[in-house]
Structure formats: C-alpha cells, structure tokens
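Fold and contact review
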Amino acid sequence: MTTATGSKQQPLLVLGKITEILDAFSFDKPTMTLGDIQQVTGIPTSTVQRLVTNLVSQGFLDRNGDGIRIGVRMAYWAATATKDLDVLSIVNPVLKEVRDLTTETTCFFRPEQQYRVCIAIAETRHALRRDMYVGKVIPLNVGSASRVLLAYDSELAERILAGTLESMTSDSITEADDLRAALVQTRSDGYAITTGERESGASGISAPVFDSAADVIGAITISGPTVRMPESRCEDWVELLVSHAEQITRTLGGRYPA
C-alpha cells in the first residue's frame, strides 16, 4: 500500500533522476550512449533506458543511433527563461568564486568591434597585480581572451586578420598566418593560455561562454604575473576555468557549438 507521503515522494525521486541524467551532459561530453549515462549517474540501466526513452519522446533529449544529446527543444525554453536575465548577475558570483579558488584576478570580456572590453572583474588580493579594470579596452589580437573570442567567431576573426595586428610587446602575434594557426589550436583545445602578449611578465588563461544560439558572447579569464602563473600553473587551472565557463553558459541557457 502506498502512503500519501510515498505518493508525493515518488515524482520527486523521478525528477531527481531526470536531473542527474541531464546534468551528466557537458561540453566535454555533449553526446553519450546509454552506457555512458549509466556510468556517470550510477542509476540502474533499466531505469536509465526507460527515462531516456521518455525524455527523447518529449524533446528533452535527442537521439541519433546510439548517441544521445540534450534536445534542441531545450534551447527554445532556455531562450525564454534567459530573455530578461542580467548577464552580470550571473557572471560576477562565478568570477569571485574562481578568484577565491586561484587567488588571481578573474575577468569577463566581450568583443566590441576590433577590441575586447572588460565588463566584470574580481580582483586579486595580492599587492602585485596586472592593470585591469571594468571598461578597459584591449586589441583583439593579443592575449588569451582575444584568442578565445576570435576562435569561436569566424566572421570577427577574418575582420581582425585582414587588418593590422597591433604589437603591444615583443611576444604579441603580428602575423596573420601565425594568429590564424593559434586560433585553430584554441578552437581544438577549447581554451587559450598566453604569456607576455599584452603585457610583459603577465599570463592569462581564458575559456569561452556561449548563448542559446551557440554563439560566443564572452570569455572568462584568469590573469596575473607570470611569476605566480607560469604555464604549468595555468595548465593546472584549465579544468577549473572551463567548468566555470560551462556553468555560466548553462545558467544563461547557452549551448556549445557543434
């Protein structure tokens, strides 16, 4: 016999399992098999199969052969949910969290014509820091954030590559072919690490943030003196930064480009 309390708990248990299944998908694993989902969630195989079948029928998930991914229909709901959402209200808490985890300055940049602009910042508490503030304008051919923004916006990249590439330090990329190759590598990696391109003795690591149309809308960046951020330290922070960029993207209802 099912009690009244039990009948109320059952739908919640099912919703919890559905949430686990949907949360199993990430930018690193946008497509998974039933076996993959079962392994990530730990939900029994028969339950995963039943719930996935129902989710596919309702458009929450899409299926192509053995491959399962988040349904395109979700993008329509996400776009409605985030229509009037303040991007900065989502970005700022994430920047502070990353700053506290790394102790380094964390920023959010968006492209504006041939530049990138800092629109949010969580500053390091170290006395030695890079010169950064909200509203700072930087050319789009230097630094890790620029590289990420161009790597995921081919039209903008072509405009920048067709123009004069500014030199801010001896390590700035000023040749179109070199920058083009760097953008291809960034797109392949899903992030960018640079040292000394915008400012000598300074390093940066950046990851992209996307909207519901899978267009890049900004880059989240950790930056600081190279003495505290050598390449090995930047590499250690890749997973942390990419996961937080993904968090912003998901909260904004965004999706990763195919």
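These remarks concern the structure in this document. (Residues numbered from 1 in each chain as written. Predicted model: local features only at pLDDT ≥ 70, side-chain atom pairs only at ≥ 80, totals over all residues. Heavy atoms only, no water.)

**Here we look at the pattern of salt bridges**
Evaluated as defined, the whole model comprises 12 salt bridges. As a salt-bridge pair, Arg180 and Glu158 come within 2.8 Å of each other at their nearest N and O atoms. Pair noted here: Arg180 is in helix 8 (residues 176–189) and Glu158 is in helix 7 (residues 154–162), with a separation of 22 residues, a long-range link. On the accessibility criterion, Arg180 (35% relative accessible area) is partly exposed. The exposure class assigned to Glu158 is partly exposed, which follows from its relative accessible area of 42%. (Salt bridge = Lys/Arg side-chain N within 4 Å of Asp/Glu carboxyl O. Helix = DSSP H or I, 4+ residues; strand = E, 2+ residues; numbered from the N terminus. Buried < 20%, exposed > 50% of the residue type's maximum accessible area, 1.4 Å probe, protein only.)

**Here's the deal with the sheet that holds strand 6 (residues 137–139)**
Pairing is antiparallel in the open sheet, where six strands are placed in the order 6-5-4-9-8-7. Among the strands making up the open sheet, the edge pair consists of strand 6 and strand 7 (192–195). Recorded for the sheet is a direction-independent mean angle of 30° between the axes of neighbouring strands. One ladder, built from four bridges, connects strand 7 with strand 8 (residues 202–210); its direction is antiparallel. (Pairing = 2+ DSSP bridges. Axes fitted to C-alpha atoms, helices over the stretch in contact; angles between N-to-C directions.)

**Details of the packing of aromatic side chains**
Evaluation of the coordinates by the stated rule reveals three aromatic pairs. Relative to Phe210, the ring of Tyr152 lies with its centre 5.1 Å away and its plane at 80°, an arrangement referred to as edge-to-face. Of this pair, Tyr152 sits in the loop between helix 6 (144–151) and helix 7 while Phe210 sits in strand 8, placing them 58 residues apart in sequence. Between Phe210 and Tyr256, the ring centres sit 5.3 Å apart and the planes meet at 75°, which makes this aromatic pair edge-to-face. Here Phe210, found in strand 8, pairs with Tyr256, found in the segment after helix 10 (238–251); they are 46 residues apart in sequence, far enough to count as distant. For Tyr256, a relative accessible area of 26% puts it in the partly exposed group. (Phe/Tyr/Trp six-rings, centres within 6.5 Å; stacked < 30°, edge-to-face > 60°.)

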